[in-house]
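Fold and geometry: a report
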Amino acid sequence: MKAKAFVLLESMLGLIISIMAVEVISLCIFSGHKLVNDSSKRIDRLYAHHVMKKCHLHQIIVHGKEYDED
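The model shown is predicted, which means the values in this text are computed figures rather than measured ones. (Residues numbered from 1 in each chain as written. Predicted model: local features only at pLDDT ≥ 70, side-chain atom pairs only at ≥ 80, totals over all residues. Heavy atoms only, no water.)

Here we take up unusual backbone geometry. Backbone geometry follows two general trends: most residues other than glycine have a negative phi, and most peptide bonds adopt the trans configuration. Even without being a glycine, His56 presents a positive backbone phi close to 55°. Relative to the assigned elements, His56 resides in the loop between helix 1 (2-55) and strand 1 (59-62). Note on His56: relative accessible area 68%, which makes it exposed. At His63, a position not held by glycine, the phi torsion is positive, near 50°. (Helix = DSSP H or I, 4+ residues; strand = E, 2+ residues; numbered from the N terminus. Buried < 20%, exposed > 50% of the residue type's maximum accessible area, 1.4 Å probe, protein only.)

A grouping of Ile25, Ile29 and Phe30 is seen on the molecular surface, where their side chains present a nonpolar patch of about 340 Å² in accessible area. Residue position: Phe30 is located in helix 1. Judged by its relative accessible area of 61%, Phe30 falls in the exposed class. (Patch = residues over 30% accessible without salt bridge, like charges linked within 9 Å, V, L, I, M, F, W, Y side chains within 5 Å. Areas by Shrake-Rupley, 256 points an atom, 1.4 Å probe, with all protein chains shown as cover. Salt bridge = Lys/Arg side-chain N within 4 Å of Asp/Glu carboxyl O.)

Now for the confidence of the model for the chain. With 99% of its residues at a pLDDT of 70 or more, the chain has an overall mean of 92. Ranking the helices and strands of the chain by mean pLDDT puts strand 1 first, with 94, and helix 1 last, with 92. (pLDDT = per-residue confidence, 0-100.)

Here strand 1 shows a buried face lined by Ile60 and Val62 and an unburied face lined by Gln59 and Ile61. The pairing of strand 1 with strand 2 (residues 65-68) spans four bridges and is antiparallel. Its bridge partner being in strand 2, Gln59 is matched across the sheet by Asp68. The loop that links strand 1 with its antiparallel partner strand 2 comprises two residues; one of these, His63, has a positive phi angle of about 50°. (Pairing = 2+ DSSP bridges.)

What follows is about the nonpolar core. In terms of nonpolar packing, the biggest core is built from six residues, these being Ala48, Val51, Met52, Ile60, Val62 and Tyr67. For this core, the secondary structure elements donating two or more residues are helix 1 and strand 1. Sorting elements by how many residues they give to this core places helix 1 first, with three residues. If sequence neighbours within four positions are ignored, Tyr67 has contacts with Lys41, Asp44, Arg45, Ala48, Met52, His58, Gln59, Ile60 and Val62. (Core = buried A, V, L, I, M, F, W, Y, C linked by side-chain atoms within 4.5 Å. Contact = heavy atoms within 4.5 Å.)

Our next topic: helix 1. Taking 1.5 Å of rise per residue, the 54 residues of helix 1 would be expected to cover 80 Å, and the 79 Å separating its terminal C-alpha atoms lies within 8% of that figure. Regarding helix 1, the residues found buried are Asp44, Ala48, Val51 and Met52. Summarising the contacts, the buried residues of helix 1 are in contact with strand 1 and strand 2. Where helix 1 ends, the next residue or the one after it, His56, has phi of about 55°, a positive value. (Expected span 1.5 Å × (residues − 1).)

This is the structure we're talking about:
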């Protein structure tokens, strides 16, 4: 009887650890995507302002987003 309880406890603990691991991995992946998206937007904005300044433009579209001269 003690052996069955131990096996059940051990399997429950393993399940809890695996669920926690999946949650941590998904959190890391989604945080990485957010970081990439934020940096891409920042780079696009800087590129747009650089091109507008260099080419004397008032508006430019970069990756489907319109940037105006500020």
